[in-house]
Amino acid sequence: MSDKLTVSMTINGHTYTADCEPRLTLADFIRHGCGLTGTHLGCEQGVCGACTIIVDGRTVRACLVLAVQADGSTITTVEGLARGDELNPLQEAFWANHGLQCGFCTPGMLMSATEFLKANPEPTAEEVRECLSGNLCRCTGYDSIVKSVLDAAQKLRA
Amino acid sequence: MKPPPVKYARAGDVQEAIALLTEHGSDAKVLAGGQSLIPLMNFRLARPSILIDINRVRELDYVREDNGTLAIGAMTRQRDVETSSVAAASVPLLPEVLRHVGHITNRNRGTVGGSLAHADPAAELPALVTGLGGELVVQGPNGVRTIPAEDFFMSTFTTALEPDEVLIGVRLPRLPGGTGVAVEELARRHGDFAIVAAMAAVHLAPDRSVDLVRLAVSGVDSVPVRLHAAEDALTGGRPSAEAIEAAAATVADAIHPADDVHAPASYRRDMAQLLVKRVAKAALERSETKS
Ligand SMILES: Cc1cc2nc3c(=O)[nH]c(=O)nc-3n(C[C@H](O)[C@H](O)[C@H](O)COP(=O)(O)OP(=O)(O)OC[C@H]3O[C@@H](n4cnc5c(N)ncnc54)[C@H](O)[C@@H]3O)c2cc1C
Ligand code: FES
Ligand code: FES
């Protein structure tokens, strides 16, 4: 009924090719097909933001894109942020400011903040909150996440 | 949850999308930004037999001025309209309204056409297009037809689109320079669907009398509602608190809110009235400062 289609995409600089059922979401392709389990799945309805990744330069909910739709795309997931063992400045700021507790929301927070800081290098706390309003966190109460993003912004400007 | 089994076809242009819809009948669904359709499939509330992906139909991705109207292609991402200087100059209500549609990541993917074709009665874009007297342009096997917004939205999740038709774009009349605009929304959190949303555009003549009013609300009926009586109550005279009160007094008769888990109908009615007053006042103030 639903024949498999061959898809190929570049994720964090590596090319992945596989045959997929059309109904396979990009999130499941990345997690199960590519073994990149840093992209988390919370709600599978676009609300929680845990699955946020960057596709062709923009954040998307990986739970709301089909893998077949991403054929030919260039993707960055949370695994693509660090350089080897070296955290990038945003990750470093989350670590330094207690921007995570259990870490479930963190990959999505990092990807949303990555896109956001590129367009808004000098954000206010209010703007950071609006940007992250689409990423739910059950642990931190958000204050330390906002602090982390503001700290990263400052370091990135320096 | 995961989507049920489904077939997939990618349309290269509008003609191909229509041919695929014609071939597969009413079990086929157009896939635009997927921000409503994929959640419905993940919950198994929608089970199309085949998805017709129009994401690579480049001819439907545009924002342009065209003879006094702003024309937007159905596949234009909501975020691209929100950040378009052409859209902001022509219909300044658009960026204000789009900021309330989900979150940036949803708007990066969600399309103008998808929001209009989906026709959620709480959604902001259908209310904007209805309030401004916009037109929907649809194409099917028999060609192109243009439908006024008030005829396009028929009921909850129901539009005048036939199963073999594709929504190709929307046209909005340009708002004259100096028009003041305002949006107010009651929602549980930023980015949530509105419980009630209200929006206004107001323009003043050189003698400072009100010569153009557009008012719309969402979340208070099975379709978005343009508030014609309230517009009439505000048009013609000088802006005044009395005129705003008179306009707000007409709102209750124009809407048919329902009870649901978020709010009882009576509360939605009261809030619609209150938000209409607020947006009318704010839009008037902004139009005065600009003219
Ligand atoms: C977390 C979250 C929050 C949201 N909050 C809001 C909100 O506050 N306000 C709001 O208005 N929306 C909200 N949405 C919905 C969002 O705006 C969607 O983008 C929109 O409703 C559908 O657009 P889409 O392009 O994603 O369409 P899709 O999901 O791809 O399609 C929706 C429906 O329209 C049909 N369709 C799409 N395009 C066409 C076309 N060109 N011709 C014919 N049929 C077509 C599809 O077949 C489908 O039935 C939210 C979504 C999420 C996930
Ligand atoms: S899992 Fe994708 S947004 Fe929650
Ligand atoms: S750190 Fe646990 S959900 Fe955010």
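Conventions adopted
Starting from 1, residues in each chain are numbered consecutively following that chain's sequence as written. Chains and ligands are labelled by the order in which they are written, letters from A for the one and numbers from 1 for the other. The model is predicted, so local features are restricted to residues of pLDDT at least 70 and side-chain atom pairs to those at 80 or more, both for listing and for counting; the totals for chains, interfaces and linings are taken over all residues. For the side-chain quantities, the full set of heavy atoms in the structure was used; hydrogens and water were omitted. UniProt positions are given in the numbering used here, feature names are shortened, and annotations may be inferred rather than shown by experiment. Contact between two residues is taken to exist if any of their heavy atoms lie within 4.5 Å; hydrogens are not considered. What gets called buried area is simply the loss in accessible area from a 1.4 Å probe that two parts show on being joined, summed for both. Criterion for a salt bridge: a side-chain nitrogen of Lys or Arg within 4 Å of a carboxyl oxygen of Asp or Glu. Two N or O atoms count as a polar contact when they lie within 3.5 Å, although within protein this holds only if one can serve as hydrogen donor and the other as acceptor, and sequence-adjacent residues are included solely when both atoms are side-chain atoms. Comment: elements are numbered from the N terminus, with helices defined as DSSP H or I runs of at least four residues and strands as E runs of at least two. Under this grouping Gly is polar, as are all residues other than the nonpolar Ala, Val, Leu, Ile, Met, Phe, Trp, Tyr, Cys and Pro and the charged Asp, Glu, Lys and Arg. Note on classification: 1.4 Å probe, protein chains only; a residue is buried when its accessible area is under 20% of the maximum for its type, exposed when over 50%, partly exposed between these limits. Note that the domain bounds reflect an automated or database-derived domain assignment. Only a single heavy atom is needed: when it lies within 4 Å of a molecule or strand, its residue is near that molecule or strand. Here, Shrake-Rupley sampling with a 1.4 Å probe gives the accessible areas, and only protein chains in the shown set may cover a residue. Should DSSP find at least two bridges between two strands, the strands are regarded as paired. Under this scheme, a helix contributes an axis fitted over its contacting stretch, all axes are lines through C-alpha atoms, and angles between N-to-C directions fall in the 0 to 180 degree range.

Per an unreviewed UniProt entry, chain B goes by Molybdopterin dehydrogenase and derives from Pseudonocardia asaccharolytica DSM 44247 = NBRC 16224.

As recorded in an unreviewed UniProt entry, chain A goes by (2Fe-2S)-binding protein and comes from Pseudonocardia asaccharolytica DSM 44247 = NBRC 16224. The Pathway (unreviewed entry) comment attached to chain A in UniProt states, word for word, "Alkaloid degradation; nicotine degradation."

Trainee: In this structure, what is going on with the interface of chain A and chain B? I would like to understand it.
Mentor: Much of the literature gives interface size as the accessible area that the parts lose upon coming together. Each partner contributes to the interface: chain A provides 30 residues, whereas chain B provides 35 residues. Here chain A meets chain B over a buried area of about 2,700 Å², counting both sides, of which 49% is carbon and sulfur. Linking chain A to chain B there are four salt bridges. Between the two partners, chain A and chain B, sit 17 residue pairs in polar contact (both at pLDDT 80 or more). Listing elements by their share of the side of chain A that touches chain B, those giving two or more residues are β4 (58-61), α3 (106-119) and α4 (125-131) of chain A. Partitioning the side of chain A that touches chain B into residue classes produces 12 nonpolar, 10 polar and eight charged.

Trainee: Before we go on, may I ask you to explain the pattern of salt bridges in this structure?
Mentor: Opposite charge on two side chains permits pairing when their charged atoms draw close. For the coordinates displayed, the defined rule picks out 19 salt bridges over all chains. Among the ionic pairs, Arg-99 of chain B bridges to Glu-130 of chain A, the shortest N-O distance being 2.9 Å. Note that Arg-99 of chain B is positioned in the loop between α5 (93-98) and α6 (104-109) and Glu-130 of chain A in helix α4, a pairing that runs across two chains. Its relative accessible area of 29% is what places Glu-130 of chain A among the partly exposed residues. Across the salt bridge formed by Arg-145 of chain B and Glu-165 of chain B, the nearest N and O atoms sit 2.7 Å from each other.

Trainee: Which parts of the structure should I look at to understand the domain arrangement of chain B?
Mentor: Residue and element names in this part refer to chain B. Domain annotation of chain B identifies domain 1 (7-53), domain 2 (58-173) and domain 3 (180-290). Relative placement of domain 2 and domain 3: their C-alpha centres are 21 Å apart. Across the contact, 25 residues belong to domain 2 and 25 residues belong to domain 3. A per-residue breakdown of the area domain 2 buries against domain 3 is headed by Leu-93, His-100 and Pro-121, which together make up 24% of the total. Inspection of the domain 2/domain 3 interface yields zero salt bridges. Listing elements by their share of the side of domain 2 that touches domain 3, those giving two or more residues are α5, α8 (124-131) and β8 (153-155). Here the side of domain 2 that touches domain 3 takes six residues from α8, the largest share from any one element.

Trainee: Quick question: what am I supposed to make of the domain arrangement of chain A here?
Mentor: All names here are of chain A. Along its sequence, chain A is carved into domain 1 (5-80) and domain 2 (89-157). A C-alpha centroid distance of 22 Å is found between domain 1 and domain 2. Contacts between domain 1 and domain 2 engage 18 residues on the former and 13 residues on the latter. Connecting domain 1 to domain 2 are zero salt bridges. Here domain 1 is connected to domain 2 by five residue pairs in polar contact (both at pLDDT 80 or more). Counting residues per element, the ones that place at least two in the side of domain 1 that touches domain 2 are β3 (52-55) and β4. Class assignment for the residues of the side of domain 1 that touches domain 2 results in seven nonpolar, nine polar and two charged.

Trainee: Just to check I follow, could you spell out the UniProt feature "domain: FAD-binding PCMH-type" (unreviewed entry) in chain B for this structure?
Mentor: Using the residue numbers shown here, the UniProt feature "domain: FAD-binding PCMH-type" (unreviewed entry) corresponds to residues 1-177 of chain B. For residues 1-177 of chain B, the end-to-end C-alpha separation is 48 Å, with 33% helix and 26% strand making up the annotated structure.

Trainee: Help me understand the site of ligand 1, please; the structure alone is not making it clear to me.
Mentor: Neighbouring ligand 1 are 33 residues, the closest being Val-30, Ser-36, Leu-37, Thr-111 and Glu-124 of chain B. With respect to ligand 1, the chains having nearby residues are chains A and B. A distance of 3.3 Å is found between an oxygen atom of ligand 1 and a side-chain nitrogen or oxygen belonging to Lys-29 of chain B. Ser-115 of chain B places a polar main-chain atom, nitrogen or oxygen, 3.3 Å from an oxygen atom of ligand 1. Out of a free accessible area of 970 Å², ligand 1 has 94% covered by protein chains.

Trainee: It is not clear to me how the side chain of Arg-268 of chain B should be interpreted in this structure. Could you clarify?
Mentor: Of note, Arg-268 of chain B is situated in helix α13 (residues 265-290). At 2.9 Å, the side chain of Arg-268 of chain B forms a polar contact with the backbone oxygen of Ile-195 of chain B.

Trainee: What's the story with the sheet that holds strand β5 (residues 69-73) of chain B in this structure? I'm lost.
Mentor: Across a sheet, strands are paired by hydrogen bonds formed along the backbone, either parallel or antiparallel in direction. Residue and element names in this part refer to chain B. Pairing is antiparallel in the open sheet, where five strands are placed in the order β4-β5-β10-β6-β7. If you trace the sheet from one side to the other, it starts and ends with β4 (63-66) and β7 (143-148), each paired once. Looking at each pair of strands side by side, their axes are set apart by 25° on average, direction ignored. In terms of strand pairing, strand β6 (residues 135-140) meets β7 through six bridges, oriented antiparallel. Counted as the bridge partner of Glu-135 is Pro-148 from β7.

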